[in-house]
Amino acid sequence: MVKKKYYYQVHLEVVLNGSDLVFGFINISHISYKKFEELFFDQITNERFLFDDAMSYFIEPDLYNKHKEFFDNEIPFTFNFDLFEYSVALTGDDFDKLKPGYYEELPPMFEQSDSEVET
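Residues numbered from 1 in each chain as written. Predicted model: local features only at pLDDT ≥ 70, side-chain atom pairs only at ≥ 80, totals over all residues. Heavy atoms only, no water.

Draft legend 1. Main features of the sheet that holds strand S4 (residues 84–94). Spatially, S2-S1-S4-S3 is the arrangement adopted by the four strands of the open sheet, whose pairing is antiparallel. The sheet is open, and its two edges are formed by strand S2 (22–27) and strand S3 (56–59), each paired on a single side. The sheet shows a mean angle of 30° between the axes of neighbouring strands, direction not considered. Of the strand pairs in this sheet, S3 and S4 are connected by four bridges, and their pairing is antiparallel. Note that in S4 the partner of Phe58 across the bridge is Ser87. (Pairing = 2+ DSSP bridges. Helix = DSSP H or I, 4+ residues; strand = E, 2+ residues; numbered from the N terminus. Axes fitted to C-alpha atoms, helices over the stretch in contact; angles between N-to-C directions.)

Draft legend 2. Representation of the pattern of salt bridges. Using the criterion set out here, one finds four salt bridges in the structure. The salt bridge involving Lys35 is made with Glu38; its shortest N-O contact spans 3.0 Å. With Lys35 and Glu38 both in helix H1 (residues 33–39) and three residues apart, this pair spans about one turn of that helix. Taking the relative accessible area as the measure of exposure, Lys35 reaches 19% and is therefore buried. Residue Arg48 is joined to Asp52 by a salt bridge in which the shortest nitrogen-to-oxygen separation is 3.0 Å. (Salt bridge = Lys/Arg side-chain N within 4 Å of Asp/Glu carboxyl O. Buried < 20%, exposed > 50% of the residue type's maximum accessible area, 1.4 Å probe, protein only.)

Draft legend 3. Here's a closer look at a nonpolar patch on the surface. On the surface, Tyr6, Tyr8 and Tyr33 cluster together into a nonpolar patch covering about 340 Å² of accessible area. Residue placement: Tyr33 occurs in helix H1. (Patch = residues over 30% accessible without salt bridge, like charges linked within 9 Å, V, L, I, M, F, W, Y side chains within 5 Å. Areas by Shrake-Rupley, 256 points an atom, 1.4 Å probe, with all protein chains shown as cover.)

Draft legend 4. Spatial organisation of the pairing of S4. Alignment of strand S1 (residues 6–16) against S4, held across 11 bridges, turns out to be antiparallel. Bridge assignment links His11 to a residue of S4, and that residue is Ala89.

Draft legend 5. Geometry of the packing of aromatic side chains. A complete count under the given rule lists 19 aromatic pairs for this structure. Their ring planes at 55° and their centres at 5.5 Å tell us that Tyr64 and Phe81 sit as a pair that is tilted. Note that Tyr64 is positioned in helix H2 (residues 61–66) and Phe81 in the loop between helix H3 (68–74) and S4, a separation of 17 residues in sequence. Consider the rings of Phe70 and Phe71, whose centres lie 5.9 Å apart with planes at 65°: the pair is edge-to-face. Grouping aromatic residues by their ring pairs yields a cluster made of Phe23, Tyr64, Phe70, Phe71, Phe77, Phe79, Phe81, Phe84 and Tyr86. Directly above the aromatic system of Phe70 lies the positively charged group of Lys35, at a separation of 4.5 Å from the ring centroid. (Phe/Tyr/Trp six-rings, centres within 6.5 Å; stacked < 30°, edge-to-face > 60°. Lys NZ or Arg CZ within 6 Å of the ring centre and 35° of its normal.)

Structural measurements only, silent on function.
Have a look at this one:
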């Protein structure tokens, strides 16, 4: 039996305050697990590892202010705690079903007739 291979990503979930409306997700997988452990140390309770049992961790104003320089440099988003709530979670996707999130080449040139080409 072949063991499935998974592709893991960590996302910042941005949710409108007081609702279940998800504004968006930001991939922050470039940040190391060690750094997440440092950031969310106070939120870790009985987990065996980060994000155990689909746990998510919250970025609240105190945590953000304590690590403001790091968050501002590493996450391409302007935090606004009056509008949004922020949580960080891990997702795992079957590697064989993963669709690439990039292009391998530039788009082709537009086709133009000879009469459209300026000389």
